[in-house]
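Observations on the model geometry
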Amino acid sequence: MADKNVSELQPSDFEIVGNKTSETETLARKSISFWGEVSRRFIKNKLALIGFITLAIIIIGAICGPWISEFTYRQQNGDYNMAPNGTYWFGTDDLGRDIFTRVWIGARISIFIGFAAAIIDLIIGVAWGAVAGLTGGRTDEIMMRIADILTAIPYLLVVIILLVVMQPGLFPMIIALSLTGWVNMARITRSEILKLKNQEYVLAARTLGANNLHLIKRHLLPNALGAILVTMTLTIPTAIFTEAFLSYLGLGVPAPLASWGTMANDGYPALANAPWRLFFPGVLICLTIFAFNAVGDGLRDALDPKLRK
Amino acid sequence: MIKYLGQRLIYIVIALFLIITATFFLMRMAPGNPFASERALPPAIQESLNEKYGLDNPWYIQYKDYLVNSATGDFGTSMKYKYRETNDMIAEGFPISMTLGLEAMFIAVGFGVLIGTIAALFHNKWPDYLMSVLAVIGISVPSFVMAAVLQYYLALQAGWFPIAGWNGFIYSILPAIALASTPMAFIAKLTRSSMLEETNSEYVKMAKAKGISRWVVVFKHALRNALLPVVTYLAPLTAGIITGSFVIEEIFAIPGIGKYFVTSISNRDYTVIMGTTVFYSVILLLAVLIVDILYSFIDPRISLKGGKSNGR
């Protein structure tokens, strides 16, 4: 209707609604829920959609890749450093292991590390931020000072030191990543809670006798969910990148397990004569980081009420 | 201002104390031993080694010694390479790492701002799209992959640059680009969005209305204000470039501190690990402080205050 010029409107365009309150109050357009609106805006954003599809393909690859391949990730086939061909789609490495299989096993490990670190960050960070933001006063002051001091400590150095002490492995890696990573999430949650807790509906809920736990669960967290979700989506690529970076320093998951970082690290010395050994894990790292960043940015734009049309 | 500085310095001291304490206790828990080798050492030698490095003292004495030594800037002798002082390694590696780091920062800031400005000036035209694609690539490609790609195509295949080593300016170009690519993309994104905001603001419209030429408006008015977010990014940029240098120095065989640090990790050379960690922390914490102070000078709207208020 909006595209019609006012002068073109005919009497037939209007209909009498009547004066019964029940009828005048009904909505002419189907109402769209908040998340429906968000997903519509997200899909309209081309970059975010490309990111989402890339991510879906990588996750499907991680689930099905090792399964459709005829080799296992640790099987040594006797064909050393073969270029990609019909049998070995992505080539083989110096021990004759199939890179196609290893790359998807690596995808499982890299993505698992990313998600696990992000979820632990989420749990600690949200709890810390929510308590600090809601309690306020002295507690808030002390909790945020602790967070300040932790951010002052250079993150990657701590992770490296922790890994040196704990011995490289999957779980030490996740612990090291999340020990330092939750502070950012705590900050974001706190600022969201601070913004929300003085709003009228929270006051109304309080007047009706809601306690803090109920407030957090029913009112504050659902409303802060957008910002938390965006932060989490952007934490995952950082974790994946850090994992690959640490693997490059020789602190990655131990052999014969493969993450993209350890594969890239193993493939690097063979760059001159077997470049595919670095190429495939490298490209997958780049694509995954791109995809998560694009989805995160897209989510942020889709959730921003200022951009709402 | 003074109060703010004082508070920040106290934070830095607390953070440093925590780092030193944490590294000390973690290293004591760490498995592996720098004296371990294929041949078992005779007990007498083991004992004298322990005595030399003070490992026979109870932990609190060791801890106290370590705190005092760190505070006076003495990080002890390498456990792996006898007669090598950690301080010497830092003194040797630091100028190299700093040259590389400054070059990378220069590339990141210079090209990042340039790319961002061009993208904003041609908003929604092809240069904007081209620059956005460049920024996406820069953010998505990790520095070590970028390093390998540069090394393979520009050094190995094309032969325009030396493959690795450290022997003059030309050796520093590829590592600096690899180190700078991700922060450059971030700066380009930041500059673009803040530049777009500025070009739509009243004072820019006013300047245009007065008939001032486009370039003067862009460079004298809009860009100066648009650069504020870039200045805030300088602190994480420094951190990123310092930590990024671990891998880049390893890949390009550059004898900077990053390489010593990585080697000391695989050697379990605890004194060197602890020394370089503390050194890096000091540099990083100071860099963040300097950026904050700079920021208050550049943006007069921000006043540095103690307490929880954020200026304004």
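Bear in mind that the values here come from a model prediction, so they are computed numbers and not experimental data. (Residues numbered from 1 in each chain as written. Chains lettered and ligands numbered in written order. Predicted model: local features only at pLDDT ≥ 70, side-chain atom pairs only at ≥ 80, totals over all residues. Heavy atoms only, no water.)

Notes on the overall build of chain B
Within chain B one finds twelve helices and zero strands. Listing each helix as α and each strand as β along chain B from the N terminus yields α-α-α-α-α-α-α-α-α-α-α-α. Residues counted as buried form 49% of the 312 residues belonging to chain B. The long-range fraction of contacts in chain B, counting pairs at least 24 apart against all pairs at least 6 apart in sequence, stands at 72%. Approximately 15,900 Å² of chain B is accessible, and the part contributed by carbon and sulfur atoms is 67%. (Helix = DSSP H or I, 4+ residues; strand = E, 2+ residues; numbered from the N terminus. Buried < 20%, exposed > 50% of the residue type's maximum accessible area, 1.4 Å probe, protein only. Contact = heavy atoms within 4.5 Å. Areas by Shrake-Rupley, 256 points an atom, 1.4 Å probe, with all protein chains shown as cover.)

Things to note about the interface of chain A and chain B
Listed per partner, the contact involves 34 residues of chain A and 41 residues of chain B. Summed over both partners, the interface of chain A with chain B comes to about 3,300 Å²; 81% of that surface belongs to carbon and sulfur atoms. Its largest share of buried area at the contact with chain B, chain A owes to A:Leu157, A:Ile161 and A:Val165, together 18% of the area lost on that side. Put simply, chain A and chain B have one salt bridge between them. Of the charged contacts, one joins A:Asp297 and B:Lys189 as a salt bridge, the two residues approaching to 3.0 Å between their closest N and O atoms. Counting across the interface, chain A meets chain B through three residue pairs in polar contact (both at pLDDT 80 or more). (Buried area = accessible area lost by both parts, 1.4 Å probe. Salt bridge = Lys/Arg side-chain N within 4 Å of Asp/Glu carboxyl O. Polar contact = N/O pair within 3.5 Å; in protein donor to acceptor, adjacent residues only side chain to side chain.)

Focus: the environment of B:Ser296
All names here are of chain B. In this structure, Ser296 sits in helix 12 (residues 270-298). Under the relative-accessibility criterion, Ser296 is labelled buried at 13%. Sequence separation of Ser296 and Met1 is 295 residues, and the distance between their C-alpha atoms is 9.6 Å.

Focus: helix 2 (residues 34-44) of chain A
All names here are of chain A. The set of residues buried in helix 2 consists of Glu37, Val38, Arg41 and Phe42. Along helix 2, the residues classed as buried sweep out an arc of 135° about the axis, all on the same side. Those residues of helix 2 that are exposed and angled more than 90 degrees off the buried face are Ile43 and Lys44. Residues of helix 2 that are buried in the fold lie against helix 3 (46-68) and helix 11 (276-303). (Arc of directions from axis to C-beta.)

A short note on the UniProt feature "transmembrane region" (unreviewed entry) in chain A
As recorded in UniProt, the sites labelled "transmembrane region" (unreviewed entry) are residues 47-68, 109-134, 146-164, 170-188, 224-251 and 278-299 of chain A. Counted over residues 47-68 of chain A, helix gives 100% and strand 0%. Its end C-alpha atoms are 30 Å apart. (UniProt positions renumbered as here; feature names shortened; annotations may be inferred.)

Some remarks on a positive patch on the surface
Taken together, the side chains of B:Lys125, B:Lys205, B:Lys208 and B:Arg214 define a basic patch exposed on the protein surface. Mapped onto the fold, B:Lys125 is located in the loop between helix 4 (86-121) and helix 5 (126-140). (Patch = residues over 30% accessible without salt bridge, like charges linked within 9 Å, V, L, I, M, F, W, Y side chains within 5 Å. Lys, Arg positive; Asp, Glu negative; His and termini not counted. Charge placed at Lys NZ, Arg CZ, Asp CG, Glu CD.)

With respect to the pattern of salt bridges
All names here are of chain B. On inspection of all chains with the given rule, the structure shows eight salt bridges over all chains. Taking the shortest distance from any N to any O, the salt bridge between Arg192 and Asp128 comes out at 2.9 Å. Of this pair, Arg192 sits in helix 7 (residues 169-199) while Asp128 is found in helix 5, placing the two residues 64 residues apart along the sequence. Residue classification places Asp128 among the buried residues on the basis of a relative accessible area of 1%.

Topic: the nonpolar core
In terms of nonpolar packing, the biggest core is built from 121 residues, with A:Val103, A:Ile160, B:Phe144 and B:Phe246 touching the most fellow members. No other element matches the 13 residues that helix 10 (residues 228-251) of chain B contributes to this core. Discounting residues that sit within four places of it in the chain, A:Ile160 has contacts with A:Leu246, A:Leu249, A:Leu251, B:Phe246, B:Phe261 and B:Ile265. (Core = buried A, V, L, I, M, F, W, Y, C linked by side-chain atoms within 4.5 Å.)

Here's the deal with the side chain of A:Thr262
All names here are of chain A. Within the secondary structure, Thr262 is located in helix 10 (residues 260-267). Judged by relative accessible area, Thr262 falls into the buried class, the value being 11%. Residues within four places of Thr262 in sequence aside, it is in contact with Ser247, Gly252, Val253 and Leu257.

As for a nonpolar patch on the surface
Residues and elements named next belong to chain A. A cluster of nonpolar side chains, contributed by Ile59, Ile63, Phe115, Ile119, Ile120, Ile123 and Ile124, occupies part of the molecular surface with about 560 Å² of accessible area. In terms of residue count, the dominant contributor to the nonpolar patch is helix 4 (residues 99-135) (five residues). Inspection of the secondary structure puts Ile120 in helix 4. Accessibility expressed as a relative area gives 31% for Ile120, which makes it partly exposed.

Quick notes on the UniProt feature "transmembrane region" (unreviewed entry) in chain B
With numbering matched to this structure, UniProt assigns "transmembrane region" (unreviewed entry) to residues 9-27, 104-122, 129-154, 166-188, 230-258 and 278-298 of chain B. Helix and strand shares over residues 9-27 of chain B are 100% and 0% respectively, and the end C-alpha atoms of the span are 27 Å apart.

Here we look at the packing of helix 4 of chain A against helix 11 of chain A
All names here are of chain A. With their axes 11 Å apart at the nearest point, helix 4 and helix 11 run at an angle of 35° to one another. In the crossing of helix 4 with helix 11, the sense of the turn from one axis to the other is right-handed. Contacts from Ile99, Val103, Trp104 and Phe115 of helix 4 reach helix 11 at Trp276, Arg277, Phe280, Pro281, Leu284 and Phe292. Of the residues contributing to the contact of helix 4 with helix 11, the split by class is nine nonpolar, no polar and one charged. (Axes fitted to C-alpha atoms, helices over the stretch in contact; angles between N-to-C directions. Left-handed = near helix turned anticlockwise from the far one by under 90°. Nonpolar A, V, L, I, M, F, W, Y, C, P; charged D, E, K, R; others polar.)

Thoughts on the UniProt feature "domain: ABC transmembrane type-1" (unreviewed entry) in chain B
Under the present numbering, the feature "domain: ABC transmembrane type-1" (unreviewed entry) in UniProt falls on residues 94-295 of chain B. Secondary structure content for residues 94-295 of chain B is 85% helix and 0% strand, and the end C-alpha separation is 26 Å.

Digging into the environment of A:His219
Residue and element names in this part refer to chain A. Note that His219 resides in helix 9 (residues 212-248). The spacing of His219 and Ile193 is 26 residues in sequence and 9.9 Å in space, taken between C-alpha atoms. Apart from residues no more than four positions distant in its own chain, His219 is found in contact with Tyr201, Ala205 and His214.

Some thoughts on unusual backbone geometry
All names here are of chain B. Positive phi, normally seen in glycine, also occurs at Asn124, with a value near 65°. Tracing the backbone shows Asn124 in the loop between helix 4 and helix 5. Overall, Asn124 belongs to the partly exposed group, its relative accessible area being 47%. Phi at Ala253 takes a positive value of approximately 50°, unusual for a residue other than glycine. Summarising the element assignment, Ala253 is placed in the loop between helix 10 and helix 11 (257-267).

What about the packing of aromatic side chains?
Enumeration over the complete set of coordinates arrives at 18 aromatic pairs over all chains. Between A:Phe112 and A:Phe171, the ring centres sit 6.5 Å apart and the planes meet at 80°, which makes this aromatic pair edge-to-face. Taken together, the residues span a long stretch of sequence, with A:Phe112 in helix 4 and A:Phe171 in helix 7 (residues 170-197) at a distance of 59 residues. Under the relative-accessibility criterion, A:Phe112 is labelled partly exposed at 39%. Clustering of aromatic rings is evident, with ring pairs tying together A:Phe241, A:Phe245 and B:Phe144. Taking NZ or CZ as reference, B:Arg214 lies 5.7 Å from the ring centre of B:Trp215, over its face. (Phe/Tyr/Trp six-rings, centres within 6.5 Å; stacked < 30°, edge-to-face > 60°. Lys NZ or Arg CZ within 6 Å of the ring centre and 35° of its normal.)

Some thoughts on the packing of helix 11 of chain B against helix 12 of chain B
Residue and element names in this part refer to chain B. Packing of helix 11 against helix 12 leaves a shortest axis separation of 9 Å and a crossing angle of 140°. With respect to each other, helix 11 and helix 12 are oriented oblique. Two packed elements cross with a definite hand, and for helix 11 against helix 12 that hand is left-handed. Contacts from Ile257, Gly258, Phe261, Ser264 and Ile265 of helix 11 reach helix 12 at Val272, Ile273, Thr276, Thr277, Phe279 and Tyr280. Considered class by class, the residues forming the contact of helix 11 with helix 12 number seven nonpolar, four polar and no charged. (Parallel < 35°, antiparallel > 145°, perpendicular 65-115°, else oblique.)

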